[in-house]
Amino acid sequence: ETASTSSLPCSAMIPTKTRLQYANGYLELGMINEASEEIESIVGEDRMSLAVMSFRMKMYRQAEYWPALEAVSKHIAKMAPRKPDGWINYAHALKEMGKIENAKEVASKALKRHPNNASLWFSLGCYCSLLGETKEASEHVKKAIQLDKTLQKASVDHPDLDNLWDSIASIE
C-alpha cells in the first residue's frame, strides 16, 4: 500500500459511476437523504461533472427543493445548453418559487435552442396561463400537443392551465 492511498478513507475509493448507481437506487426507493449522502461522498472534479449535476437536479426535483434545483439546473443549462432537461428544470424551479415571469423567460430562451421540444412548449403554455395570458397559453399548448399527442390528456387536468380552461369556458 502506498502512502497516498493508505491516507484515503476506503469510501473515497468507490468510483463515481458506482456512487451514482447507489444514489439512484436510494432515490428510486424515496431515500433522498441516503442518495444525497452518496453524492456528497464524490470527490474531486467529478463533483461538478454533468452526470453528477444531472443526478442532483433529479434529486432536488423529487425532493421539491426548489432553490437548489434552480441553482443546479441553471448551471446545467449553461454547461450543456443542448440538453433541454437543464432548461426545463430551471424554469420549473422558478415557477415553483412563484417567479412565473422568470420561468416564462427561461422557457422562451430555451425554445430558441430546442424549438421541437414538446415539454418546453407545454411548460411555456402553463406559465402563460398562470400569468393570465390565455391566448398565448392556448397557442403554446396546441404546439406542444402537435409535437407530443400524449400531452393532450395531461393538459386536461393540469392545474397550471386552469386560467386557460376558464377563459375557454367563459367564451362558450
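Refer to the structure above for everything that follows.
In short, a report on the structure. (Residues numbered from 1 in each chain as written. Predicted model: local features only at pLDDT ≥ 70, side-chain atom pairs only at ≥ 80, totals over all residues. Heavy atoms only, no water.)

**Let's talk about helix 7 (residues 100-113)**
Here's step 1: In a regular helix each residue adds 1.5 Å, so 14 residues correspond to 20 Å; helix 7 covers 20 Å between its end C-alpha atoms and thus fits that length.
Here's step 2: Taken together, the buried positions of helix 7 are Ile100, Ala103, Val106, Ala107, Ala110 and Leu111. Taken end-on, helix 7 shows its buried residues confined to a sector of 140°, consistent with a single buried face. For helix 7, exposure combined with an orientation more than 90 degrees from the buried face picks out Glu105, Lys109 and Lys112.
Here's step 3: Buried positions along helix 7 lie against helix 6 (84-96) and helix 8 (118-130). (Helix = DSSP H or I, 4+ residues; strand = E, 2+ residues; numbered from the N terminus. Expected span 1.5 Å × (residues − 1). Buried < 20%, exposed > 50% of the residue type's maximum accessible area, 1.4 Å probe, protein only. Arc of directions from axis to C-beta. Contact = heavy atoms within 4.5 Å.)

**Description of the packing of helix 3 (residues 32-40) against helix 4 (residues 50-63)**
Here's step 1: Running from N to C, helix 3 and helix 4 cross one another at 160°; their axes reach a closest spacing of 11 Å. As far as their axial angle goes, helix 4 and helix 3 are roughly antiparallel. Of the two possible hands of crossing, helix 3 and helix 4 adopt the one that is left-handed. Touching Ile32, Ala35, Ser36, Ile39 and Glu40 of helix 3 are Val52, Phe55, Arg56, Met59, Gln62 and Ala63, all from helix 4. (Axes fitted to C-alpha atoms, helices over the stretch in contact; angles between N-to-C directions. Parallel < 35°, antiparallel > 145°, perpendicular 65-115°, else oblique. Left-handed = near helix turned anticlockwise from the far one by under 90°.)

By themselves, these are just geometric observations and shouldn't be taken as functional.
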